[in-house]
Amino acid sequence: MIVRSILSFFSVLAFGAMTVAAFFALLPWFSGHVPESVRSLTEGLEFNSLIIGLVLGLTLGAVGRCNWSDIPRRVVTWFLVREQRFFYYALIAVCGGVLIFY
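Residues numbered from 1 in each chain as written. Predicted model: local features only at pLDDT ≥ 70, side-chain atom pairs only at ≥ 80, totals over all residues. Heavy atoms only, no water.

Two measures describe an aromatic ring pair: the distance that separates the ring centres and the angle between the ring planes. For the structure shown, the criterion picks out four aromatic pairs. Each ring, one from Phe87 and one from Tyr88, has its centre 6.0 Å from the other, and the planes form 55°; the classification is tilted. Residue Tyr88 is classed as partly exposed on the basis of its relative accessible area, which comes to 43%. Three or more aromatic residues joined by ring pairs form one cluster here, namely Trp78, Phe79 and Phe86. (Phe/Tyr/Trp six-rings, centres within 6.5 Å; stacked < 30°, edge-to-face > 60°. Buried < 20%, exposed > 50% of the residue type's maximum accessible area, 1.4 Å probe, protein only.)

See below:
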């Protein structure tokens, strides 16, 4: 399930990046056929900021699809499964604290 969403995220990101690259590749050809007002708008467009915006938009979309009511149950289950390990880590920390502060 998580691998599918990760692959979907990167495929949409790749499609967006390819679309932007195609836009920038065709921009010199379009510049001769486009009015001056549109040409001045595209001069301030930067590829880096466009990719960052695309990544942020896709990330917000993926986070928005999460089932937020399920997260507390998963966290509690995760802690309960690893309860014995946490006990050992706490015991190690207490012993280390005694050695350091004594």
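There's more to say after this.
The next point concerns the pattern of salt bridges. Counting across every chain of the model gives two salt bridges. Between Arg73 and Asp70 there is a salt bridge, with the nearest N and O atoms lying 2.7 Å from each other. In this structure, Arg74 engages Asp70 in a salt bridge whose closest nitrogen and oxygen atoms are separated by 2.8 Å. Three or more residues joined by partner-sharing salt bridges are found here, namely Asp70, Arg73 and Arg74. (Salt bridge = Lys/Arg side-chain N within 4 Å of Asp/Glu carboxyl O.)

A contiguous nonpolar surface patch, about 1,200 Å² in accessible area, is contributed by Val63, Trp68, Ile71, Val75, Trp78, Phe79, Phe86, Phe87, Tyr88, Tyr89, Leu91 and Ile92. Secondary structure elements with two or more residues in the nonpolar patch: helix H4 (71–81) and helix H5 (83–101). The greatest single-element share of the nonpolar patch, amounting to six residues, is contributed by H5. (Patch = residues over 30% accessible without salt bridge, like charges linked within 9 Å, V, L, I, M, F, W, Y side chains within 5 Å. Areas by Shrake-Rupley, 256 points an atom, 1.4 Å probe, with all protein chains shown as cover. Helix = DSSP H or I, 4+ residues; strand = E, 2+ residues; numbered from the N terminus.)

One can find Val20 in helix H1 (residues 2–31). We classify Val20 as buried; its relative accessible area is 12%. It is 8.5 Å that separates the C-alpha atoms of Val20 and Ile51, two residues lying 31 residues apart in sequence.

Another aspect to go through is the confidence of the model for the protein. Here the protein averages 77 in pLDDT, while 73% of its residues score no lower than 70. When pLDDT is averaged over each element of the protein, H5 comes out on top at 91 and helix H2 (residues 36–43) at the bottom at 60. (pLDDT = per-residue confidence, 0-100.)

Under the 1.5 Å per step criterion, the end-to-end length of H5 is 27 Å for 19 residues, consistent within 8% with the ideal 27 Å. H5 sits mainly on the outside: zero of its 19 residues count as buried. (Expected span 1.5 Å × (residues − 1).)

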